[in-house]
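Summary of structural features
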Amino acid sequence: MELRVLAIGDVVGESGVDFLCRHLPTLRRQYDIHFTVVNGENAASNGLMPQQARDIFSAGADVITMGNHTWGKRQIVDEMERTPYILRPANYTSRAPGRGWGIFDGPRGTTIRVVNLIGRCSMDSNFDNPFTKMDEILKEGDATLTLVDFHAEATSEKGAMAWYLDGRAQALWGTHTHVPTADTQVFPKGLGFVTDLGMTGPTQSVIGIHPSQAINRFLGGLPQRFQPADGPCGMDGVLFTIDTNTRRCLSVERVDIDG
Ligand SMILES: [Fe+2]
């Protein structure tokens, strides 16, 4: 069968959560989506609150992935221990609570492995190597499809990981930069790829943050607690259509919604 996977970019702030809740159900119906993964690590700006996770699931997410702000709201730790559907990066060290990947039921008896990884370029250096961690994960258990959210800063690191997994995973998308990229493609051995999904949140902003705060930072002003910007929101997402028999991605397309 042709299985349609929707990946939604980092949800930023309460207005981003609201926008997602209003538009994700329609988008899922419009494209007849079978499986949805949403990056939620910025829903509370820095982290994700349990009620926000419940709202994102109610809107239609099957799995929520995280990133460098996973522990921004400690209230999520208990929730992550309780549910396998919220993932933190798998290449956190073994001391970290929660899970970095899972195998979930898809339609018609398929199984879908979702992996959340975090990059090391311009990020915390205290992470395990995401490349070798992925090798380890692929040896554990079997699934019809493997999907990867690679939460990373460097486009080169995301691209290298995609080529590294071509033929071993069916889709890999980047998150974290909050800027949607225009490089949707299918690799020779059937992996669908995009460097970054973008974000779901305020469009009149600097990656979701109030412009004056971003400018202040680059002018060297006193540090401030970043706040999501006001104003209209948008939702960035990418649709991967995957043939479950050949285990190859057939197409990758952007399905962004402007606010
Ligand atoms: Fe991030």
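Residues numbered from 1 in each chain as written. Predicted model: local features only at pLDDT ≥ 70, side-chain atom pairs only at ≥ 80, totals over all residues. Heavy atoms only, no water.

Describing the packing of aromatic side chains
Convention followed: A pair of Phe, Tyr and Trp rings is counted when the ring centres sit within 6.5 Å of each other, with Trp represented by its six-membered ring. The angle between the planes then sorts it: under 30 degrees is stacked, over 60 is edge-to-face, the rest tilted. Numbering goes from the N terminus for both helices and strands, where a helix is a DSSP run of H or I of at least four residues and a strand is a run of E of at least two. For the exposure calls, accessible area comes from a 1.4 Å probe over protein chains only, and a residue counts as buried if that area is under 20% of its type's maximum, exposed if over 50%, partly exposed in between. In this scheme, Lys NZ or Arg CZ marks a charge over a ring once it lies within 6 Å of the ring centre and within 35 degrees of the ring normal.
Evaluated as defined, the whole model comprises eight aromatic pairs. Where F35 meets F104, the ring centres are 6.5 Å apart and the plane angle is 35°; that geometry is what we call tilted. Here F104 lies in strand β6 (residues 101-105) and F35 lies in strand β3 (residues 35-39), a separation of 69 residues in the sequence. On the basis of relative accessibility, which here comes to 2%, the residue F35 falls in the buried class. Of the residues examined, F104 reaches a relative accessible area of 5% and is grouped as buried. What links up through ring pairs into an aromatic cluster is the set F35, Y85 and F104. Sitting over the ring of Y164, R168 keeps its end group 4.8 Å from the ring centre.

Considering the nonpolar core
Going by this rule: By convention a nonpolar core is built from buried Ala, Val, Leu, Ile, Met, Phe, Trp, Tyr and Cys residues, the set being connected through side-chain atoms within 4.5 Å. Every residue pair with non-hydrogen atoms within 4.5 Å of one another is taken to be in contact.
Counting residues in each nonpolar core, the largest one holds 26 residues, and the members touching the most others are L20 and L48. Every element with two or more residues in this core is listed here: β1 (2-8), α1 (13-30), α2 (50-59), α3 (76-82) and β13 (233-235). When near neighbours in sequence (up to four residues on either side) are disregarded, L48 contacts G40, E41, A43, A53, I56, I64, M66, K73, I76 and I86.

Digging into the coordination of the iron ion
So the rule is basically this: Coordinating donors are taken as N, O and S atoms within 2.8 Å of the metal, stretched to 3.2 Å for Na, K and Ca; because water is absent from the atoms, sites can appear incomplete. Note on geometry labels: four donors, all angles 85 to 135 degrees, give tetrahedral; four donors become square planar and six octahedral when opposite donors are over 155 degrees apart and every other angle is between 65 and 115; remaining cases are irregular.
Looking at the iron ion, one finds its protein donor set to be E41 (OE), N68 (OD1), H151 (NE2) and H176 (ND1), positioned 2.1 to 2.2 Å from the metal centre. One can describe the site at the iron ion as irregular: its four donor atoms subtend angles covering 86 to 173° at the metal. Donor residues binding the iron ion come from one chain and are separated in sequence as E-x26-N-x82-H-x24-H. Within this pair, whereas E41 is found in the loop between β3 and α2, its partner H176 is found in the loop between β9 (171-175) and β10 (185-186), the two being separated by 135 residues in sequence. Taken individually, E41 and H176 each receive the classification buried, so the pair is uniform in this respect.

Here's the deal with the pattern of salt bridges
It is possible for side chains of opposite charge to pair when their charged atoms get near one another. As a reminder of what qualifies: Here, a salt bridge means any side-chain nitrogen of Lys or Arg that lies within 4 Å of a carboxyl oxygen of Asp or Glu.
All chains considered together, the criterion is met by seven salt bridges. Among the ionic pairs, R54 bridges to E79, the shortest N-O distance being 3.4 Å. On the criterion of sequence distance, the pair formed by R54 in helix α2 and E79 in helix α3 is long-range, its members being 25 residues apart. Relative accessible area serves as the criterion here: at 11%, E79 is assigned to the buried category. Here the salt bridges do not stand alone but share partners, grouping R54, E79 and R82 into one network.

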